[in-house]
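Each chain, written out:
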Amino acid sequence: YNIYKNGKNIDRLGHVTVVVVGGTGDLARKYLWQGFFQLYADQIGKGHTFSFYGGGLSPTEKGTPLLFGILKELACPPELSAERCTLVKDQFLHLSKYHQLKTTEDYEKLSQQIKQQLGQEGMVEAGRLFYLSVPAFAYADIAEKINNTCRPPSDAWLRVVLEKPFGHDLYSAQALDKKLSDQLKEKEMYRIDHYLGKKVVSKILPFRKENKKLLDPIWNKHHIERIEIVLKETLDAKGRIQFYDQYGVIRDVLQNHLTEVMTLMLMNLPANLSNSMEILQNKLNFLASLQHVDNSNAVVGQYQAYNGEVQEELNKTKDYFSLTPTFAGVVIHVDNAQYEGIPIFMTSGKALDERVSYARVLFKNDVFCIQDPNNVQCKSKQIIFYLGHGNLQYPAILISKNLFKPELVSSGDWKEVTEYKDVNVLGLPLSDYYIQSPVTPREAYCELISHVFFGRKDSFISAEGLLASWAFWTPLLEGLSRVFPRVYPGGEANGNLLNFQLQGHQVAFSHEAVVNIINPGAKDNFQVMQGKYRSSEMVSAWAQELVERLASDLLLAAEEAIREEGQFHLALSGGSSPVALLLDERCVPHTETGSNFRSIHDLLLQHIRIPYFNIHPMPVHLTQRLCVEEDGGPALYEKEINKHVNGSSFHYILLGVGQDGHTASLFQDTKLENDEERLVILTESPIKPHQRMSLTFTAINRARRVGVLIMGKSKHELVSQLSRIKGESSKYPITKVQPKTGTLIWYIDYDALLG
């Protein structure tokens, strides 16, 4: 069934029936019918006859005007004159028909109609081409209907084109493959990735083959510094949220388009570029050599407006937050001797600063220029497979002139560009490149539809290749499923927020994001990002993960202190965020439920092995009285601190924040002016029980580490207010927490951060 066998056509001539299932949908309107019109124009007079059916769920009387509305708008192929195009288009419209395809009976009627036409006109059937332009969940059902009702005779071919996505992960892809393979043979299935139809992508292997002698010495770890595979978009996901929120940028772009480009660039060259089986095997060998990737090898982001679009299009409530990334940067390494250690930067995102797509191989430059840094030998050495848009606007292969002069990738349909626009491409002016470009750029779907017609399987995704790709990406997708992406404003405003860098084999964002929460919804001044809050470090996550991270940080701090000093001094505040131990206390007996010490005892102390003489509750109950000044409770506790805590400097103090901005039992009206050196004081709360005992800011700001934990939607307005305040504010006591030599870390959960 492969037309290219020893260079000869082995498909018999005859009648070809084309059925576009989903023929009035968006993809069919934008690309598919144009591709089939191009195919028809190319094949007129070459021995085949055609019938075209647009299939849909609508009844005939509704679907027919929709289909012909699409067909009448088709553009003329550039090689046809206007007069010739009018004639060809009229013939194409005459051969096209709408057919409802909903039930098994509908497919049976279609098959009968095809047989009837063949019989009436005395035509030999060459084959049937079904293009499934429908959601992936419908593939298995349609494949079964085609298999049971619409198969051609055994001496004619059947080709069924499937659009991505092919599954959601490895397990769903395996399940889909099993269902389809029960109905269709592998040679009958054409899993389309339109990137493989792009002119430049289709010429990666031929370029490597034509320039093999020049590339072989440098196509390895000794000469390649890095590889970049990039797809940037300015568009957002609005209008596609129902699909996009299930898949995200990695499934939508990286797992398929960019992985295919990477594979073509780095797989072993086949001896014969026409041998589909050899190309497939070399692809599988390369995918098997990729090193495992996990969260440490990736960064993810989400443009700011995305979550609102999700809430609107999916009818979600205002407290719903999507973790779907709209930006991803991944670093991949290959586990073989040729490419060992070369980082492959793969990245894509929506709502970025420009629309551009390219794959770049950047080579090491061992020339050290003493003078004239603009000399061509001093500049970057790179090969760029430029897919379009961006500064250049047209697809091309660019080779630095200080690298080598390449052979023309394909004579006849490719040309060498010698007239240069005044633009730069990835750091170099066009005049510093040898440039090759298609003579007549052709839309990817037109190319691939032609390849389906001729049975060229090398331009499509095999079942084995698909599952190998999913096997590589699925562990990362599972690891990222609970990672909150960095929020970015979109477009030029992103600045350097999404830059990421390599640290060993791991990656991280290069710049800390600044948290600035002002009026949610105001486009120009609302940003919510991880990294910094009130000029200090911030950790943010969903509640459970945040508490686990805090516990982990406390454990690390304790281990460090015990390792260095043999002891660890921790102070916890009371309230609704953390429970109480040692830092502040309500003036009630320790046996009452309102006591912070009682809470910490019931929730923690009775469950862990810690000696009670290592626990120091505040002495609020002396001589049968509660917090009486003359009993000297604060002085007694301050003496205890000085006795046990070196320099009165706690290793870690964990605070909460009330909705009025108080922390520990330090309230807006707490008078501290005359007690600047005091470590412990009695305070007055505006709510019952009014009397409290608390550490002072003097004691808190001596700590080596101070953590502030803020959780819950009710704290969102407070978090917003605090983000606007610079320095101290008497209205918000928490702003006076400013460790002198220690560090301050804010732990804010997403409910409090985002509202």
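Residues numbered from 1 in each chain as written. Predicted model: local features only at pLDDT ≥ 70, side-chain atom pairs only at ≥ 80, totals over all residues. Heavy atoms only, no water.

What to know about the overall build of the chain
Turning to step 1, where the next piece is worked out: On a plain count of helices and strands, the chain comes out with 20 helices and 32 strands.
Turning to step 2, where the next piece is worked out: Structurally, the chain occupies a C-alpha span of about 115 × 75 × 45 Å along its principal axes.
Turning to step 3, where the next piece is worked out: By the burial criterion, 54% of the 755 residues in the chain qualify as buried.
Turning to step 4, where the next piece is worked out: Across the chain, every contact between residues at least 6 apart in sequence was considered, and the portion connecting residues at least 24 apart equals 73%.
Turning to step 5, where the next piece is worked out: Approximately 34,400 Å² of the chain is accessible, and the part contributed by carbon and sulfur atoms is 50%. (Helix = DSSP H or I, 4+ residues; strand = E, 2+ residues; numbered from the N terminus. Buried < 20%, exposed > 50% of the residue type's maximum accessible area, 1.4 Å probe, protein only. Contact = heavy atoms within 4.5 Å. Areas by Shrake-Rupley, 256 points an atom, 1.4 Å probe, with all protein chains shown as cover.)

Some points on the pairing of strand S31 (residues 705-710)
Turning to step 1, where the next piece is worked out: Counted residue by residue, S31 has 5 buried out of 6 residues, so it is predominantly covered.
Turning to step 2, where the next piece is worked out: Two strands pair when backbone bridges link them, and strand S28 (residues 652-656) and S31 are joined in this way by 4 bridges, in the parallel orientation. Residue pairing across strands places isoleucine 653 opposite valine 706, the latter belonging to S31.
Turning to step 3, where the next piece is worked out: Note on the crossover from S31 through helix H19 (residues 716-724) to strand S32 (residues 743-749): the handedness is right-handed. (Pairing = 2+ DSSP bridges. Right-handed = clockwise from strand over helix to strand, strands pointing away.)

Quick word on the packing of helix H10 (residues 241-266) against helix H14 (residues 463-480)
Turning to step 1, where the next piece is worked out: Where H10 contacts H14, the two axes come as close as 11 Å, and the packing angle between them is 145°. In the crossing of H10 with H14, the sense of the turn from one axis to the other is right-handed. Within the contact between the two elements, H10 uses Ile250, Arg251, Leu254, Gln255 and Thr259 and H14 uses Leu466, Ser469, Trp470, Trp473, Leu476, Leu477 and Leu480.
Turning to step 2, where the next piece is worked out: Its residues assigned to classes, the contact of H10 with H14 shows 8 nonpolar, 3 polar and 1 charged. (Axes fitted to C-alpha atoms, helices over the stretch in contact; angles between N-to-C directions. Left-handed = near helix turned anticlockwise from the far one by under 90°. Nonpolar A, V, L, I, M, F, W, Y, C, P; charged D, E, K, R; others polar.)

Quick word on the packing of helix H1 (residues 26-43) against helix H13 (residues 444-453)
Turning to step 1, where the next piece is worked out: Put simply, H1 and H13 touch, their axes get as near as 8 Å, and they point 55° apart. When the axes of H1 and H13 are compared, the pair comes out oblique. Considering how the two elements wind past one another, H1 and H13 form a crossing that is right-handed. Contacts between H1 and H13 pair Leu27, Tyr31, Leu32, Gln34, Gly35, Phe36, Gln38, Leu39 and Gln43 from the former with Tyr445, Cys446, Ile449, Ser450 and Phe453 from the latter.
Turning to step 2, where the next piece is worked out: Among the residues making up the contact of H1 with H13, the classes are represented as 9 nonpolar, 5 polar and no charged. (Parallel < 35°, antiparallel > 145°, perpendicular 65-115°, else oblique.)

Details of the sheet that holds strand S12 (residues 381-389)
Two modes of strand pairing occur in sheets, parallel and antiparallel, and in both the strands are linked by backbone hydrogen bonds.
Turning to step 1, where the next piece is worked out: Read from one edge of the open sheet, 10 strands run S14-S17-S13-S12-S11-S7-S10-S9-S8-S18, paired in mixed fashion. A strand with exactly one partner marks an edge of an open sheet, and here the two such strands are strand S14 (414-417) and strand S18 (486-488). Between one strand axis and the next, the sheet turns through 15° on average, direction left out of account.
Turning to step 2, where the next piece is worked out: Bridge analysis of strand S8 (residues 298-303) against strand S9 (residues 327-332) gives 4 bridges, and the strand direction is antiparallel. Residue pairing in the sheet places valine 300 in a bridge with alanine 328 of S9.
Turning to step 3, where the next piece is worked out: Relative to strand S10 (residues 344-349), H10 is tilted by about 145°, and along the sheet it contacts strand S7 (224-232), S9, S10, strand S11 (356-363) and S12.
Turning to step 4, where the next piece is worked out: In this fold H14 packs onto S8, S9 and S10, with an angle of close to 130° to the strand it touches most, S9.

Concerning empty space enclosed by the protein
Turning to step 1, where the next piece is worked out: Counting across every chain of the model gives 6 cavities of 30 Å³ or more.
Turning to step 2, where the next piece is worked out: By volume, the largest cavity is sized at about 120 Å³.
Turning to step 3, where the next piece is worked out: Along the walls of the largest cavity sit 15 residues, with Phe166, Gln255, Asn256, Ile461 and Leu466 positioned nearest its centre.
Turning to step 4, where the next piece is worked out: Among the elements of the structure, H10 and H14 are those that each provide at least two residues to the lining of the largest cavity. (1 Å grid on protein atoms, 1.4 Å probe; cavity = no way out; pocket = protein on both sides within 12 Å on 5 of 7 lines; lining within 4 Å. Points joined across faces, edges and corners; volume = space filled by probe spheres on them.)

So, helix H3 (residues 82-94)
Turning to step 1, where the next piece is worked out: Taking 1.5 Å per residue as the helical rise, H3 with its 13 residues ought to reach 18 Å, and the 18 Å between its terminal C-alpha atoms agrees with that figure.
Turning to step 2, where the next piece is worked out: Among the residues of H3, Cys85, Val88, Lys89, Phe92 and Leu93 are the ones counted as buried. Around the axis of H3, the buried residues are gathered within 135° of arc, so they sit on the same side. Along H3, the residues that are exposed and aim more than 90 degrees away from the buried face are Glu83 and His94.
Turning to step 3, where the next piece is worked out: Each element contacted by the buried residues of H3 is listed here: H1, strand S2 (49-56), helix H2 (60-71) and strand S3 (96-100). (Expected span 1.5 Å × (residues − 1). Arc of directions from axis to C-beta.)

Here's the deal with unusual backbone geometry
Turning to step 1, where the next piece is worked out: Cis geometry marks the peptide bond from lysine 164 to proline 165; its omega dihedral reads 10°.
Turning to step 2, where the next piece is worked out: Note on placement: proline 165 falls in the loop between strand S5 (157-163) and helix H6 (170-181).
Turning to step 3, where the next piece is worked out: Cis geometry is found at the peptide bond from lysine 688 to proline 689, where omega equals -15°.
Turning to step 4, where the next piece is worked out: In this fold, proline 689 is placed in the loop between strand S29 (680-684) and strand S30 (691-695).
Turning to step 5, where the next piece is worked out: Phi is positive for alanine 351, close to 55°, though the residue is something other than glycine.
Turning to step 6, where the next piece is worked out: When its relative accessible area of 9% is taken as the criterion, alanine 351 is described as buried.
Turning to step 7, where the next piece is worked out: Of note in this structure, threonine 623 is not a glycine but carries a positive phi near 45°.
Turning to step 8, where the next piece is worked out: Tracing the chain through its elements places threonine 623 in the loop between strand S26 (621-622) and strand S27 (625-626).
Turning to step 9, where the next piece is worked out: Judged by relative accessible area, threonine 623 falls into the exposed class, the value being 59%.

Remarks on the state of the cysteines
Turning to step 1, where the next piece is worked out: Counted according to the given criterion, the structure contains 3 disulfides.
Turning to step 2, where the next piece is worked out: Note that cysteine 76 is cross-linked by a disulfide to cysteine 85, the S-S spacing being 2.0 Å. Handedness of the cysteine 76-cysteine 85 disulfide follows from its S-S torsion of about -90°: it is left-handed.
Turning to step 3, where the next piece is worked out: For the chain, the bonded cysteines connect in the pattern 1-2, 3-4, 5-6 when numbered consecutively along the sequence. (Disulfide = S-S within 2.5 Å.)

Looking at a nonpolar patch on the surface
Turning to step 1, where the next piece is worked out: Taken together, the side chains of Leu603, Leu604, Ile608 and Ile610 make up a nonpolar region of the molecular surface, amounting to roughly 320 Å² of accessible area.
Turning to step 2, where the next piece is worked out: As for its placement among the helices and strands, isoleucine 608 is situated in the loop between helix H16 (596-603) and S26. (Patch = residues over 30% accessible without salt bridge, like charges linked within 9 Å, V, L, I, M, F, W, Y side chains within 5 Å. Salt bridge = Lys/Arg side-chain N within 4 Å of Asp/Glu carboxyl O.)

Structural notes on the confidence of the model for the chain
Turning to step 1, where the next piece is worked out: Predicted confidence across the chain gives a mean pLDDT of 88, with 94% of residues reaching 70 or more.
Turning to step 2, where the next piece is worked out: The low-confidence segment residues 516-530, where pLDDT is below 50, has 41 contacts with residues more than four positions distant or belonging to other chains.
Turning to step 3, where the next piece is worked out: Note on residues 576-581: pLDDT is under 50 here. Beyond four places in sequence and across chains, it has 25 contacts. (pLDDT = per-residue confidence, 0-100.)

So, the sheet that holds S30
Turning to step 1, where the next piece is worked out: Strand order in this open sheet of 3 strands is S25-S30-S29, and the pairing throughout is antiparallel. Each edge of the open sheet carries a strand with a single partner, namely strand S25 (584-586) and S29. This sheet shows a mean twist of 20° between the axes of neighbouring strands, independent of strand direction.
Turning to step 2, where the next piece is worked out: Relative to S29, helix H17 (residues 633-644) is tilted by about 140°, and along the sheet it contacts S29 and S30.

Digging into the environment of isoleucine 461
Turning to step 1, where the next piece is worked out: With respect to the helices and strands, isoleucine 461 occurs in the loop between H13 and H14.
Turning to step 2, where the next piece is worked out: For the pair isoleucine 461 and aspartate 26, spaced 435 residues apart in the sequence, the C-alpha separation amounts to 23 Å.
Turning to step 3, where the next piece is worked out: Excluding residues that lie within four positions of it along the chain, isoleucine 461 makes contacts with Arg191, Asp193, Leu196, Glu260 and Leu466.

What to know about the pairing of strand S23 (residues 536-541)
Turning to step 1, where the next piece is worked out: The buried count for S23 comes to 5 of 6 residues, which makes it a mostly enclosed element.
Turning to step 2, where the next piece is worked out: What sits between strand S22 (residues 531-533) and S23 in their antiparallel hairpin is a turn of 2 residues, with arginine 534 showing a positive phi close to 50°.
Turning to step 3, where the next piece is worked out: Relative to S32, S23 runs parallel, the two being bridged by 5 bridges. Note on S32: the bridge partner recorded for alanine 541 is aspartate 749.

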